[in-house]
Amino acid sequence: MNIANYENKNFSEAVNTIEEKFYPATFISHWHNYVEIIFCTEVKSNQKTAVLQVNLDTFELEPGDILFVWPGELHSIIDNSDRCLCAIQFKSDLISELPDFRSYQSLFRRIKHIRSKDLPDLAHGVFGYLRHIIEVRRDAKPFGGVENLISLYEMFIDLSTHINDIVLKSNGAVMYG
């Protein structure tokens, strides 16, 4: 692995955001030590998807889809020519250091691609939190950093609830795209 493909940013806030207009159309394979959650807002052309690669697996994101990139995962943007992607980024210890979430770490990392057509309720809920985080940061609201942490924690509480439901239904096997 070429160290030049390692990227690690120092965020001024606990949760960094990248809006559509700043998310690149393409980006080389790279990895970093923070979580990146990418989501597709709307596709304006006939293309219908944005294409990304994580650990050599290709993901096509449609509007409402969410992609989780965990620390250390090699990933790239193959095609975001419609500029339909947004993302939030944060250090994984925001989640891993909380006792309530600690036992879910390995299960969270199994979540890759939440497809809105396959899990519409979950995708809609997570998408709402992500969109809210982007808006709070853009509007520079007082205590916006705290509000974004609360939204992030609420999102992971919802994901934990979903994981519990899946584990109970499937007797321990959790599988995601």
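Look up: the structure comes first, before these words.
Here's what I pulled together on the structure shown here. Treat the numbers as computed from the prediction; the structure is a model and nothing was measured.

## Considerations on the packing of aromatic side chains
Next, step 1: All told, the structure shown has eight aromatic pairs when counted by the stated rule.
Next, step 2: Aromatic pair Phe39 and Phe127: ring centres 5.3 Å apart, planes at 85°, arrangement edge-to-face. Here Phe39 is found in strand E3 (residues 34-40), whereas its partner Phe127 is found in helix H4 (residues 120-139), with 88 residues between them in sequence.
Next, step 3: Phe127 gets classed as buried once you look at its relative accessible area, which sits at 19%.
Next, step 4: Taken together, the aromatic side chains of Phe90, Phe101, Tyr104, Phe108, Tyr153 and Phe156 make up a single cluster linked through ring pairs.

## With respect to the pattern of salt bridges
Next, step 1: Counted by the stated rule, this structure contains six salt bridges.
Next, step 2: With a shortest N-O distance of 3.1 Å, Glu19 and Arg138 are connected by a salt bridge. Taken together, the residues span a long stretch of sequence, with Glu19 in the loop between strand E1 (15-18) and strand E2 (27-30) and Arg138 in helix H4 at a distance of 119 residues.
Next, step 3: We note a salt bridge from Lys112 to Glu73, for which the minimum N-O separation is 2.2 Å. With a gap of 39 residues between them, Lys112 in the loop between helix H3 (105-108) and strand E9 (113-114) and Glu73 in the loop between strand E6 (66-69) and strand E7 (75-79) connect regions that are remote in the sequence. Assigned by exposure class, Lys112 and Glu73 land together as buried.

## Quick notes on the sheet that holds E3
Next, step 1: What the five strands build is an open sheet, ordered E1-E8-E3-E6-E9; its pairing is antiparallel. Two strands close off the open sheet at either side, each with one partner strand: E1 and E9.
Next, step 2: Both E3 and strand E8 (residues 85-91) contribute to a ladder of seven bridges, which runs antiparallel. Across the sheet, the residue bridging to Ile37 is Ile88, located in E8.

## Overview of the sheet that holds strand E4 (residues 50-54)
Next, step 1: Within the open sheet, the four strands sit side by side as E2-E7-E4-E5. Their pairing is antiparallel. In this open sheet, the two strands that pair with only one neighbour each are E2 and strand E5 (57-61). Strand-to-strand twist across the sheet, computed as the mean angle between neighbouring axes with direction ignored, equals 25°.

## With respect to unusual backbone geometry
Next, step 1: Positive phi, normally seen in glycine, also occurs at Leu56, with a value near 70°.
Next, step 2: Tracing the backbone shows Leu56 in the loop between E4 and E5.
Next, step 3: Taking relative accessible area as the criterion, Leu56 reaches 67% and is therefore assigned exposed.
Next, step 4: Phi angles above zero are rare outside glycine, and Arg83 is one such case at about 55°.
Next, step 5: Topologically, Arg83 is positioned in the loop between E7 and E8.
Next, step 6: Classification of Arg83 as partly exposed rests on a relative accessible area of 34%.

Definitions and limits used
- Residue positions are given per chain, counting from 1 as you read along its sequence in written order.
- Local features in this predicted model are restricted to residues of pLDDT 70 or higher, and side-chain atom pairs are both shown and tallied only at a pLDDT of 80 or more, whereas totals for entire chains, interfaces and linings draw on every residue.
- Heavy atoms from the whole structure form the basis of all side-chain values; hydrogens and water molecules are not counted.
- Here is the rule: rings of Phe, Tyr and Trp (six-membered ring for Trp) pair when centre to centre is within 6.5 Å. Planes less than 30 degrees apart are stacked, more than 60 are edge-to-face, and the remainder are tilted.
- Numbering goes from the N terminus for both helices and strands, where a helix is a DSSP run of H or I of at least four residues and a strand is a run of E of at least two.
- Type-normalised accessible area, obtained with a 1.4 Å probe on protein chains alone, sets the label of each residue: buried when under 20%, exposed when over 50%, and partly exposed for intermediate values.
- The term salt bridge refers to a pairing of a side-chain nitrogen on Lys or Arg with a carboxyl oxygen on Asp or Glu at a separation within 4 Å.
- In this scheme, strands are said to pair when DSSP sees at least two bridges between them.
- Interaxial angle, 0 to 180 degrees, is taken between N-to-C directions of lines fitted to C-alpha atoms, where a helix line uses only the stretch in contact.

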